[in-house]
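Fold and geometry: a report
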Amino acid sequence: MGNKQTIFTDEQLDAYQENPFRNRIVESFSEDGMGNLSFNEFVDMFSVLSEMAPRELKAIYAFKIYDFNVDNYLCKEDLEKTLNKLTKEELTPEEVELVCEKTIEEADLDGDHKLSFADFENMISRAPDFLSTFHIRI
Amino acid sequence: MVEKFFQDHERKMPRDSLITSENDKRSKRKRAKSKQETSRRENNEEEEAQLTGGKGTKARKDIRNEKTRRMEKEEVREVDENIDEGKKKQGSTKKGEKKEDGGKQLVKEKARDIKKKKHKKAETSSEPETSEEDDDEEEDNDKDVVRPECLSPEELEKLKEAVDERKKLIQSLRGKPWPMKKKLVTLRESQEFVEKYEGALGKGKGRKLYAYKVLMTKKWMKFQRDFENFKTACIPWEMKIKEIESHFGSSVASYFIFLRWMYGINMILFGLTFGLVMVPEALMGRPYGSMPRKTVPRAEEASAMDFAVLWDFGGYAQYSVLFYGYYNNQRTVGWLKFRMPLSYFLVGVGTVAYSYMVVIRTMARNANESGVGDDNSFNFSWKMFTSWDYLIGNAETADNKFASITTSFKEAILEEQENHKDDNIHLTRFLRVLANFLVLCCLAGSGYLIYFVVRRSQKFALDGLENHTWWERNEVNMVMSLLGMFCPMLFDVISTLENYHPRVALQWQLGRIFALFLGNLYTFIIALMDEINLKRKEEKVVKFNITMWEASLYNGTVLENSTAPPVTIHPADVPRGPCWETMVGQEFVRLIISDTMTTYITLLIGDFLRAVLVRFLNYCWCWDLEAGFPSYSEFDVSGNVLGLIFNQGMIWMGSFYAPCLPALNVIRLHVSMYLQCWAVMCCNVPQERVFKASGSNNFYMAMLLVILFLSTLPAIYTIVSIPPSFDCGPFSGKNRMFDVIHETLESDFPPWFSKVFSYASNPGLVLPFILLMVLAIYYLQSTSKSYREANVELKKKLQMQNEENKRKNKRAALKAQMDLEEARKTAQEQQRNNNASVQDQEVYCVSELSDSWMKMRLSRK
């Protein structure tokens, strides 16, 4: 038919996937939490990540994405994992520690040393470039 | 937002209780053909809507829609009619209708129009769905069975309220965190409802116009977005700079952004000088060889085309539009009657004025930005959660983004650590004073050295240059270069004493090297002035010689034939007066060229060769070259910025006498950009302490302004006080260069104009005007100071408010926790005592808790 490759090996597929949170995105939209999406969930995912979705909706799903252990709180381990994925583990452990400490200090309002959804939403609603980075254009 | 969570859950509760009643109603509606029945039903629904509140209606509509969908597939025709009726009476939700209509065969026009109206009101609602609906739906004007007359006023009111609720629901549907299926179902129901009943309320006009408006709005938004994208894509070198920024941090990138900005300014200057001075003279002025001043003298003709001479800007390059001397002093040239001398003068003044305006405007804009956008309250949180750009799909871009995120974190960490540095204040202050004293000594020493060397070279020039060695002849240049190489390093070492934040240290470094380079400028100007005076003395001699020569010419012809016309002599043979302006222009051009060459060669040797050596010699060297002595070089921000600024100063000084300078500079900056971008990425390593450049760049602008001022002073001095050469340039023959303005006023403007102008330039008028301006400046300065103070006060208040809120929230959270504990305890006790009352207590406690949660959130919002 042509020379276009239609069957990719895992390593080749990896090259097309740049988003460090790709697994978490898919997991947070799937009903079974394992990353399997039905068509409706697929549409849901792109609807939330599109330009037209309102800020509050994006904030809800952003919270879900960054919550690695799915306990409805962004605890220190979640933050550490997020940071390591963002910097491809280039920061030293002390620096990671410092950043997570500072983040919790800045955003935690109820003093439980982890970020609940209310804290997260309060912080993200003031962020100037949240809307422009948290979207995918199809 | 979380309140909505709660509300959604609440809504789920009444839903179950209403299922059966809804089912009955739905089936009844579908089968009944009488309008009265439907209207009665409708009223019931309306009442229900009011009873359960808007929250309940959606649930009901959900169920209704599901039933509708099922029935639709069975009875298409009936459904059509019923839907029609139902639409008008119920006005169900848009999404619900969409699904229903999708199943229908006929599309009803009126329904579509009504829907379009709804869509106008529900701005953000499902536009793709709308179009789908439009495609799917059929319209049937005949079936429009609105019965507004059948409804009493209160019923109309209720209907209106219900319709409004539905519309609100449609608008807010995007923001609900429900699964897609539920959202689609709800939307369809609500849309159906709204359409059916809005028609009933008599808002059936202007649907087509509305649809058109919606289409145009969509197209306009898309156009705007595409235009923004296009504008961003047009910014030159954006990708290069972003790449550099991601690897080296914002301070190195700020140099390149500054370079790009300078390139823009030079383009404008180039446009002015090229379009208004060089091109008219080239196209409309007398051609090469027609006048003495435009021709290479006979003596130089042999060597005029040599590369060495051309490189020095002599020969044919000298006698061309590139330099002042070529221009003719004719008042008008060509058929356009283009005032060449006037244009030359005004362009010279205009370039300076434009530069001032641009620099000051940029400074003002930067000052504004730095004040407002400095929200640091969630610095780290925002970096962590909003820095990844989900649009990135390219591997290389992603790499850059990772690098940039890492760099940005490192910068923020550095800032944080600097803030926490808590040293012995007295020791630091003493060290800083010591460092400044050392630097001042350095500067004084180098200033004296320069002065001494210049005096010596003047003495040598008087003696005649051939008597001295090469060193003595080029002493000034060599001393300047050596000072320029070693003093900055010395300043660098001294600045480690001071222990400043790296950004502040950079500014100090820049300031000191700037002071050093001012000495450079001083020697250059002194040398130029000396040469100008020399040329002017020469002029007098030459003038005398020319009169003698002309006399001899005429003497010859008179002897032959007294009435014969004067002998035409080839312009190349006419003796020429010296042209100090062209000489000045040539000096500047040569300086720029040599400066450029020096920069590029230093770059290639100092950075590139060094990197190559370190890389390849490392295999066979005793110690680790990469970590140890030479290692790779870091990008020298301060040196490069100063080089750029001084270069621009030279351009401003010289562009009056050499109109080709802006063009040369444009080429130079263009090449520099590419060369330095490549060199940075290829040969440099990021600095160890990566710091964030102050976003404003005002420091560079301030230095640029000082240089602009300093460099226009000599040019203005020469224009105002030195008479132009008699034999070259557009002002030859005038007493002073600015006399051209007088001439223009007198000859080109109506007579009353010059009278007005002479009145206006009366000192009695000018002095009060200046006084007024000074007062205005003082007033504006004081108001701006008061605004800034008010700004700072407000920021402090905001911060305190934030902290108060945090504390309050913490207290409320603790209180809620304690309440919960109490409730649990009392619940347990009650359970032991009385089973029945337990539930009540719990419900009461839970509701109390939810109340306090609500209060907390409300207070926070």
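Residues numbered from 1 in each chain as written. Chains lettered and ligands numbered in written order. Predicted model: local features only at pLDDT ≥ 70, side-chain atom pairs only at ≥ 80, totals over all residues. Heavy atoms only, no water.

**Structural notes on the overall build of chain A**
What chain A contains, in helices and strands, is eight helices and zero strands. For chain A, the α and β elements follow one another from N to C terminus as α-α-α-α-α-α-α-α. Split into buried and exposed, the 138 residues of chain A put 45% on the buried side. A fraction of 50% describes how many contacts in chain A between residues 6 or more apart in sequence connect residues 24 or more apart. A total accessible area of about 7,400 Å² is found for chain A, and carbon and sulfur atoms account for 52% of it. (Helix = DSSP H or I, 4+ residues; strand = E, 2+ residues; numbered from the N terminus. Buried < 20%, exposed > 50% of the residue type's maximum accessible area, 1.4 Å probe, protein only. Contact = heavy atoms within 4.5 Å. Areas by Shrake-Rupley, 256 points an atom, 1.4 Å probe, with all protein chains shown as cover.)

**A look at the overall build of chain B**
Along its length, chain B carries 28 helices and two strands. Looking at chain B residue by residue over its 861 residues, the buried ones come to 42%. For chain B, restricting intrachain contacts to residue pairs at least 6 apart in sequence, the fraction spanning at least 24 positions comes to 82%. When the accessible surface of chain B is split by element, carbon and sulfur atoms take 62% of a total near 46,700 Å².

**Quick word on the state of the cysteines**
Residue and element names in this part refer to chain B. Under the defined criterion, the tally for this structure stands at one disulfide over all chains. Each sulfur in the disulfide pair C579 and C728 lies 1.7 Å from the other. Its S-S torsion of about 90° marks the bond between C579 and C728 as right-handed, since a negative value means left-handed. Residue C579 is found in the loop between α20 (502-560) and α21 (580-617), and its partner C728 is found in the loop between α24 (698-721) and α25 (739-748); the two are separated by 149 residues along the sequence. For C579, a relative accessible area of 15% corresponds to the buried category. In this model C441 remains outside any disulfide bridge; the closest cysteine sulfur is found in C442, 7.7 Å from its own. In this structure C441 comes out as partly exposed when scored by relative accessible area, which is 40%. You can see C683 has no disulfide; the closest cysteine sulfur is in C682, sitting 3.7 Å from it. (Disulfide = S-S within 2.5 Å.)

**A word on the interface of chain B and chain A**
It is common to give the size of an interface as the accessible area that goes away when the parts come together. The interface of chain B with chain A comprises 48 residues on the first partner and 61 residues on the second. Between chain B and chain A lies a buried interface of about 4,900 Å² when both sides are counted; carbon and sulfur atoms form 67% of it. Of all residues in chain B, B:M384, B:F385 and B:Y390 give up the largest surface area on contact with chain A, accounting jointly for 18% of the area buried on that side. Inspection of the region where chain B meets chain A yields one salt bridge. Measuring nitrogen to oxygen at the nearest pair gives 3.4 Å for the salt bridge that ties A:K102 to B:E416. At the level of secondary structure, the elements contributing two or more residues to the side of chain B that touches chain A comprise α1 (2-31), α8 (180-200), α9 (207-234), α15 (379-386), α16 (395-420), α27 (763-833) and α28 (835-860) of chain B. Looking at the side of chain B that touches chain A, the element that brings in the most residues is α16(B), giving 10 residues. Across the side of chain B that touches chain A, the residue classes tally to 23 nonpolar, 11 polar and 14 charged. (Buried area = accessible area lost by both parts, 1.4 Å probe. Salt bridge = Lys/Arg side-chain N within 4 Å of Asp/Glu carboxyl O. Nonpolar A, V, L, I, M, F, W, Y, C, P; charged D, E, K, R; others polar.)

**Regarding unusual backbone geometry**
Residue and element names in this part refer to chain A. Within the chain, V70 stands out as a residue other than glycine whose phi angle is a positive 50°. Considering the arrangement of structural elements, one finds V70 in the loop between α4 (55-66) and α5 (76-87). A relative accessible area of 62% places V70 in the exposed class. For H113, which is not glycine, the phi torsion reads 60° and is therefore positive. By secondary structure assignment, the location of H113 is in the loop between α6 (93-107) and α7 (117-124). Residue classification places H113 among the exposed residues on the basis of a relative accessible area of 62%.

**Quick look at the UniProt feature "domain: EF-hand" (unreviewed entry) in chain A**
As annotated by UniProt and renumbered to match this structure, "domain: EF-hand" (unreviewed entry) occupies residues 54-89 and 95-130 of chain A. Annotated as residues 54-89 of chain A, this span is 67% helix and 0% strand, and its ends, taken at the C-alpha atoms, are 32 Å apart. (UniProt positions renumbered as here; feature names shortened; annotations may be inferred.)

**Regarding the environment of B:H247**
Residue and element names in this part refer to chain B. Following the sequence through the fold, H247 ends up in helix α10 (residues 238-248). Separated by 152 residues in sequence, H247 and D399 place their C-alpha atoms 9.7 Å apart. Leave out the neighbours within four places in its chain, and H247 touches N400, A403, T407, M681 and P686.

**Structural notes on the side chain of A:T82**
Looking at the secondary structure, you find A:T82 in helix α5. The exposure class assigned to A:T82 is buried, which follows from its relative accessible area of 0%. Excluding its chain neighbours within four sequence positions, the residues that come into contact with A:T82 are A:F21, A:Y66, A:F68 and B:M384.

**Regarding the nonpolar core**
With 55 residues, the main nonpolar core has B:Y255, B:F256, B:F258, B:V637, B:V641 and B:L642 as its most contacted residues. Ranked by residue count, the leading element in this core is helix α11 (residues 250-284) of chain B, at 10 residues. Beyond its immediate sequence surroundings of up to four residues, B:F258 is in contact with B:V641, B:L644, B:I645, B:Y700, B:M701 and B:L704. Within the second largest apolar cluster, 48 residues are counted, among which are A:M45, A:L57, A:L74 and B:F409. (Core = buried A, V, L, I, M, F, W, Y, C linked by side-chain atoms within 4.5 Å.)

**So, the packing of aromatic side chains**
Residue and element names in this part refer to chain B. Tallying each qualifying case throughout the model produces 42 aromatic pairs over all chains. Both rings, one in F256 and one in F635, keep their centres 5.6 Å apart while their planes meet at 25°; by these two values the pair is stacked. Residue F256 is located in helix α11, and its partner F635 is located in the loop between β1 (633-634) and α22 (637-654); the two are separated by 379 residues in the primary sequence. Like F256, the residue F635 is buried in the burial classification. Between W580 and Y657, the ring centres sit 5.8 Å apart and the planes meet at 55°, which makes this aromatic pair tilted. In this pair, W580 is assigned in helix α21 and Y657 in the loop between α22 and α23 (661-683), connecting sequence segments 77 residues apart. (Phe/Tyr/Trp six-rings, centres within 6.5 Å; stacked < 30°, edge-to-face > 60°.)

**Considerations on the environment of B:F402**
By the secondary structure assignment, B:F402 is in helix α16. Take B:F402: its relative accessible area is 7%, and that puts it in the buried class. Remark: the alpha-carbon pair of B:F402 and B:S387, spanning 15 residues in sequence, is separated by 9.7 Å. Beyond its immediate chain neighbours, meaning those up to four positions away, B:F402 contacts A:E18, A:P20, A:K85, A:L86, A:K88 and B:W388.

**A few points about a nonpolar patch on the surface**
Residues and elements named next belong to chain B. On the surface, F307, W311, M597, I601, L604, I605, L609, L613 and W678 cluster together into a nonpolar patch covering about 910 Å² of accessible area. Of all the secondary structure elements, the ones that give two or more residues to the nonpolar patch are α12 (307-311) and α21. If one sorts the elements of the nonpolar patch by residue count, α21 sits on top with six residues. In this fold, I601 is placed in helix α21. (Patch = residues over 30% accessible without salt bridge, like charges linked within 9 Å, V, L, I, M, F, W, Y side chains within 5 Å.)

**Examining the packing of helix α17 (residues 425-463) of chain B against helix α19 (residues 475-495) of chain B**
Residue and element names in this part refer to chain B. Look at α17 against α19: their axes get within 11 Å of each other, and the N-to-C directions meet at 175°. Relative to α19, the element α17 lies roughly antiparallel. Split into classes, the residues belonging to the contact of α17 with α19 amount to 17 nonpolar, two polar and two charged. (Axes fitted to C-alpha atoms, helices over the stretch in contact; angles between N-to-C directions. Parallel < 35°, antiparallel > 145°, perpendicular 65-115°, else oblique.)

**Here we look at α10(B)**
All names here are of chain B. I241, I244, S246 and F248 are the residues of α10 that are buried. In this structure, the buried residues of α10 make contact with α11, α16, α23 and β2 (684-685). Positioned one or two residues after α10, G249 has a phi angle of 95°, which is positive.

**Quick look at the pattern of salt bridges**
Inspection of every chain in the model, using the stated rule, returns 17 salt bridges over all chains. Close ionic contact of A:K76 with A:E97 constitutes a salt bridge, the shortest N to O distance being 2.8 Å. Taken together, the residues span a long stretch of sequence, with A:K76 in helix α5 and A:E97 in helix α6 at a distance of 21 residues. Overall, A:K76 belongs to the partly exposed group, its relative accessible area being 22%. As a salt-bridge pair, B:R298 and B:E301 come within 3.5 Å of each other at their nearest N and O atoms. You can call B:R298 partly exposed: its relative accessible area is 39%. For B:E301, a relative accessible area of 32% corresponds to the partly exposed category. Overlapping salt bridges, with partners in common, bring together A:K76, A:E97 and A:E101 in one network.

**Quick notes on the environment of B:V358**
Residue and element names in this part refer to chain B. With respect to the secondary-structure elements, V358 resides in helix α14 (residues 340-372). Residues V358 and I265 lie 93 residues apart in sequence; the distance between their C-alpha atoms is 8.2 Å. In contact with V358, other than residues within four places in its own chain, are W261 and I265.

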